[in-house]
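Spelled out from the first residue to the last, the chains are:
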Amino acid sequence: MGGRHLRCRCRRASRRTSRTRTNPNNEFRNSHARTPHHLLNGTVTPNSLHFSINHAGIPDIDPAQHKLVIHGMVRQPLEFTLEKLSRYRLTTRMAFVECAGNSAPMFSNQPMQITAQAIHGLVSNSEWTGVKLSTLLRRGGHRPQVQVAGRRGADAHFLDRSIPVKKAYDDALVAIYQNGERLMPGNGYPMRLLVPGYRAT
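Since the structure is predicted, the reported quantities are computational estimates derived from the model, not experimental observations.

A. Spatial organisation of helix H4 (residues 133-140). Every buried residue of H4 is listed here: Leu133, Ser134, Leu136, Leu137 and Gly140. Angular distribution of buried residues about the axis of H4 spans 160°; they occupy a single face of the element. Just downstream of H4 lies glycine 141, where phi reads positive at about 70°.

Spelled out as structure tokens, the structure:
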């Protein structure tokens, strides 16, 4: 090649694919971190770039003490630690999670000259692994008259959501892994309820 050399310059991907964050100092208030879709390739969102929304800060949870509790209109109240959940047969499925306010800038009266991250960054797609909620509910045995199941997260606002029991027995999943790794603190660590087609907790 006459003394010529092929040179490659590698740039740090973190600078090119960073998320915008509304609360970079993790203050005790609502925070949003959006996915930079315009910089990604493929359909799976890397964990570090998955969007997150947290109310009143990210919960400081000790995974050894955290429990999933099934109680109320059941024959047998149950508690599951992360260690206990890990003993069950795990199921993996691909699913996206989206904030109800995603793409809200599209309702602007004037076209907005902003990135895809700023417009559509509150939706991400991952491979989730966990225990089917139906497996845990069958152990507790809900009473026949129950038609709706309530769920509550561990965030400071204690947001409640309800889903039909039929849906809970369908494809709902108590996820403990995301893309083969433990969930991130901003995405429900150490466990989260994944209910495709329903608002997330």
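B. Geometry of the pattern of salt bridges. A full pass over the atoms with the stated rule returns three salt bridges. Measuring nitrogen to oxygen at the nearest pair gives 2.8 Å for the salt bridge that ties glutamate 83 to arginine 87. On the basis of relative accessible area, glutamate 83 is assigned to the partly exposed category, the value being 46%. Of the charged contacts in the structure, one is a salt bridge between aspartate 171 and lysine 167, with a shortest N-O distance of 2.8 Å. Like aspartate 171, the residue lysine 167 is buried in the burial classification.

C. A look at the packing of aromatic side chains. Applying the stated criterion to the full structure yields one aromatic pair. Here phenylalanine 80 and tyrosine 88 contribute two aromatic rings whose centre-to-centre distance is 6.0 Å and whose plane-to-plane angle is 70°, an arrangement assigned as edge-to-face. By relative accessible area, which is 2% here, phenylalanine 80 ends up buried.

D. View of the nonpolar core. Grouped together as the largest cluster of nonpolar side chains are 18 residues, with contacts concentrated most on Ile70, Phe80, Leu85, Leu133, Leu136, Val174 and Met191. Contributions of two or more residues to this core are made by strand E4 (78-81), helix H2 (82-85), H4 and strand E9 (173-178). With three residues, H4 is the largest single contributor of residues to this core. Not counting residues within four places of it along the chain, the set of residues in contact with leucine 136 comprises Leu68, Ile70, Leu78, Phe80, Leu85, Tyr88, Val131 and Val174. In this structure, Val97, Leu122, Leu173 and Ala175 belong to the second largest nonpolar core, which totals nine residues.

E. View of the side chain of threonine 45. Inspection of the secondary structure puts threonine 45 in the loop between strand E1 (31-33) and strand E2 (52-54). By relative accessible area, threonine 45 is classed as buried at 4%. Setting aside chain neighbours within four positions, we find threonine 45 in contact with Thr35, Leu40, His50, Ser124, Asn125, Ser126 and Asn179.

F. Local environment of the confidence of the model for the protein chain. Taken as a whole, the protein chain shows an average pLDDT of 81; of its residues, 79% reach a score of 70 or greater. Here residues 1-15 is a poorly scored stretch, pLDDT under 50, and it has zero contacts once near neighbours within four places are set aside; other chains count.

G. Spatial organisation of the side chain of serine 103. Here serine 103 shows up in the loop between strand E5 (91-98) and helix H3 (116-120). Relative accessible area serves as the criterion here: at 18%, serine 103 is assigned to the buried category. Look past the residues within four positions of serine 103 in its chain and what remains in contact with it is Ile119 and His120.

Thresholds applied
- Residues numbered from 1 in each chain as written.
- Predicted model: local features only at pLDDT ≥ 70, side-chain atom pairs only at ≥ 80, totals over all residues.
- Heavy atoms only, no water.
- Buried < 20%, exposed > 50% of the residue type's maximum accessible area, 1.4 Å probe, protein only.
- Helix = DSSP H or I, 4+ residues; strand = E, 2+ residues; numbered from the N terminus.
- Arc of directions from axis to C-beta.
- Salt bridge = Lys/Arg side-chain N within 4 Å of Asp/Glu carboxyl O.
- Phe/Tyr/Trp six-rings, centres within 6.5 Å; stacked < 30°, edge-to-face > 60°.
- Core = buried A, V, L, I, M, F, W, Y, C linked by side-chain atoms within 4.5 Å.
- Contact = heavy atoms within 4.5 Å.
- pLDDT = per-residue confidence, 0-100.

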